[in-house]
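What follows is the residue order along each chain.
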Amino acid sequence: MSEHPLRPTRRAVLAGTLGALGTLAAAGPLARAAEQLPPIGGAAPPPDWSRAVIDSTMRRYTPDKIGGWGYTLGLYLYGQYLFYKRTGEKKYLDYIIAWYDRFITDSGISNSFTNLDSMRSCQMLPLLYAETGRKKYKTAADQLRKRFPSYPRTSDGGMFHATSKVGQLWGDGVYMAQPFLALYGAAFGDADYCFDEAAKNIVVYFGHLREPAKGLLYHAYDEDGSESWASGSGRHSKYHWARAIGWFGMATIDILEVLPANHPRRAALIDVVKFLAAGYQRYQDASTGRWYQVVDRGGDPKNWLETSASSMYTFTLARGVQRGYLPTSYQAVADKGYAGVLKKVSLGSDGLTNITDIGEGTNVGDLSYYYARARKTNDFHGLGAFLIMNEQYSH
């Protein structure tokens with residue numbers, strides 16, 4: 001790989017402005033959480049669960065067999081990239097590059113970007129450009145950047161979840177597009193548009209989805225209220241689906257990592273983190289440290305504790321404390337969540353890791369729909385969220 005002036009160091013990305021992409025947390029929380037764990041599978045846990053999960057995934061799938069372009073692979077490979085940044089071991093970056101090079105040519109990427117989900121994997125493009133200096137990654141990133149001005153929005157500026165979902169804002173959508181936009185602005189000197197647009201979308205979505213009484217977010221909002229799931233004057237869905245709230249927390253944190261200290265929306269984004277943290281604390285399951293698929297209905301026997309959202313909440317809390325957005329008292333909530341998630345990780349008889357109780361991809365639905373979603377093992381929603389969380393807790 002050629003040298004490049006933006007090539008990230010091991011501890012930070014893009015000259016230190018993107019600390020969210022490093023692994024900066026102190027070892028204390030990791031040690032405290034690990035002390036709560038019993039031996040898994042009759043043996044002590046591996047010293048580095050990120051390595052174990054990534055090595056297992058790379059053994060299961062070569063880059064050409066792991067799957068096509070989509071947000072779940074973008075999430076997972078971003079988590080693998082964080083591990084690479086910690087270790088500096090080139091084979092982990094090479095695997096990521098091999099997957100992206102299936103889709104990125106010298107002409108960029110062939111994608112019309114008609115939905116936010118299709119944008120998530122582009123998060124890695126500025127990073128790959130910084131690592132390699134290969135122009136094609138910037139070309140592809142530029143193509144997505146040029147899509148935003150014409151991408152449809154609600155009357156107050158929220159990007160539709162998809163061009164076909166007119167007027168709809170889904171809580172998971174902000175993570176698919178806005179962190180890329182903020183990162184692009186930092187990497188390529190396009191701050192005025194990119195920072196403002198990313199931060200604005202967090203604020204607009206939050207205004208429509210929040211439920212102040214519980215400190216939670218509804219899954220989705222429909223501007224004209226025509227969707228069958230849209231309720232009341234708020235025109236939002238009825239339930240608090242865990243992973244949508246987790247996506248929202250991670251997106252807000254990632255944008256804050258990039259946003260300048262004097263940005264006019266920075267305080268509003270910190271307030272979002274505080275709002276979410278209070279809800280996370282309120283609804284954390286006392287016995288396991290994890291969170292339920294429908295967050296506020298822990299007493300329902302059909303409900304179940306979901307691993308990917310639990311990883312996302314834990315990351316958001318731990319990073320929020322680390323950056324001073326949250327009081328230090330939230331570290332205990334994060335540590336309990338971390339210990340709880342680790343209890344869903346085990347080693348199989350083949351020596352490979354398994355992470356269980358990961359909810360499959362989920363649309364907006366009624367209560368029975370959320371409860372009935374498949375509880376998968378090693379789904380990439382969970383693997384990616386786990387790696388992001390675990391790298392926050394690792395050196």
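All values reported here derive from a predicted model rather than from experimental measurement. (Residues numbered from 1 in each chain as written. Predicted model: local features only at pLDDT ≥ 70, side-chain atom pairs only at ≥ 80, totals over all residues. Heavy atoms only, no water.)

Caption draft 1: The arrangement of the overall build of the chain in detail. Helix and strand counts for the chain stand at 14 helices and 12 strands. The 395 residues of the chain split such that 62% are buried. (Helix = DSSP H or I, 4+ residues; strand = E, 2+ residues; numbered from the N terminus. Buried < 20%, exposed > 50% of the residue type's maximum accessible area, 1.4 Å probe, protein only.)

Caption draft 2: Representation of the packing of helix α2 (residues 49–60) against helix α4 (residues 90–100) in the model. At their nearest, the axes of α2 and α4 sit 12 Å apart, and the two run at 45° to each other. Taken together, the axes of α2 and α4 are oblique relative to one another. The chirality of how α2 crosses α4 is left-handed. Note on element contacts: α4 touches α2 through Lys91, Tyr92 and Tyr95, opposite Arg51, Ile54, Asp55, Thr57 and Met58. (Axes fitted to C-alpha atoms, helices over the stretch in contact; angles between N-to-C directions. Parallel < 35°, antiparallel > 145°, perpendicular 65-115°, else oblique. Left-handed = near helix turned anticlockwise from the far one by under 90°. Contact = heavy atoms within 4.5 Å.)

Caption draft 3: Structural detail: helix α3 (residues 71–87). For α3, spanning 17 residues, the distance from its first C-alpha to its last is 25 Å, which sits close to the expected 24 Å at 1.5 Å a residue. In terms of burial, α3 is a largely internal element, 16 of the 17 residues being buried. In the stretch just after α3, Gly88 is the one whose phi turns positive, near 75°. (Expected span 1.5 Å × (residues − 1).)

Caption draft 4: Quick peek at the environment of Tyr280. Here Tyr280 is to be found in helix α10 (residues 266–283). Between the alpha carbons of Tyr280 and Arg290 there is a distance of 9.7 Å; along the sequence they are 10 residues apart. The residues contacting Tyr280, other than those within four sequence positions of it, are Ile245, Gly246, Gly249, Trp291, Tyr313, Thr316 and Leu317. In this structure the side chain of Tyr280 is engaged in a polar contact, spanning 3.1 Å, whose partner is the backbone oxygen of Ile245. (Polar contact = N/O pair within 3.5 Å; in protein donor to acceptor, adjacent residues only side chain to side chain.)

Caption draft 5: View of unusual backbone geometry. In this model, Arg235 sits at a positive phi of 55°, which is unusual for a non-glycine residue. A residue is classified by how much of its surface remains accessible, and Arg235, at 29% relative accessible area, is partly exposed. The phi dihedral of Asn378 falls on the positive side, at around 65°, and the residue is not glycine. Among the secondary structure elements, Asn378 is positioned in the loop between β12 (375–376) and α14 (380–392). With relative accessibility at 15%, the residue Asn378 sits in the buried group.

Caption draft 6: Structural context of the packing of helix α9 (residues 242–258) against helix α11 (residues 307–322). In contact at an axis separation of 8 Å, α9 and α11 are set at 30° when each is read in the N-to-C sense. As far as their axial angle goes, α11 and α9 are roughly parallel. For the element pair α9 and α11, the recorded crossing hand is left-handed. For the pair α9 and α11, contact is made by Ala242, Arg243, Ile245, Gly246, Trp247, Gly249, Met250, Ile253, Asp254 and Glu257 and by Ser308, Ala309, Met312, Tyr313, Phe315, Thr316, Arg319 and Gly320, respectively. When grouped by side-chain class, the residues that make up the contact of α9 with α11 number 9 nonpolar, 5 polar and 4 charged. (Nonpolar A, V, L, I, M, F, W, Y, C, P; charged D, E, K, R; others polar.)

Just distances and angles here, no functional claims.
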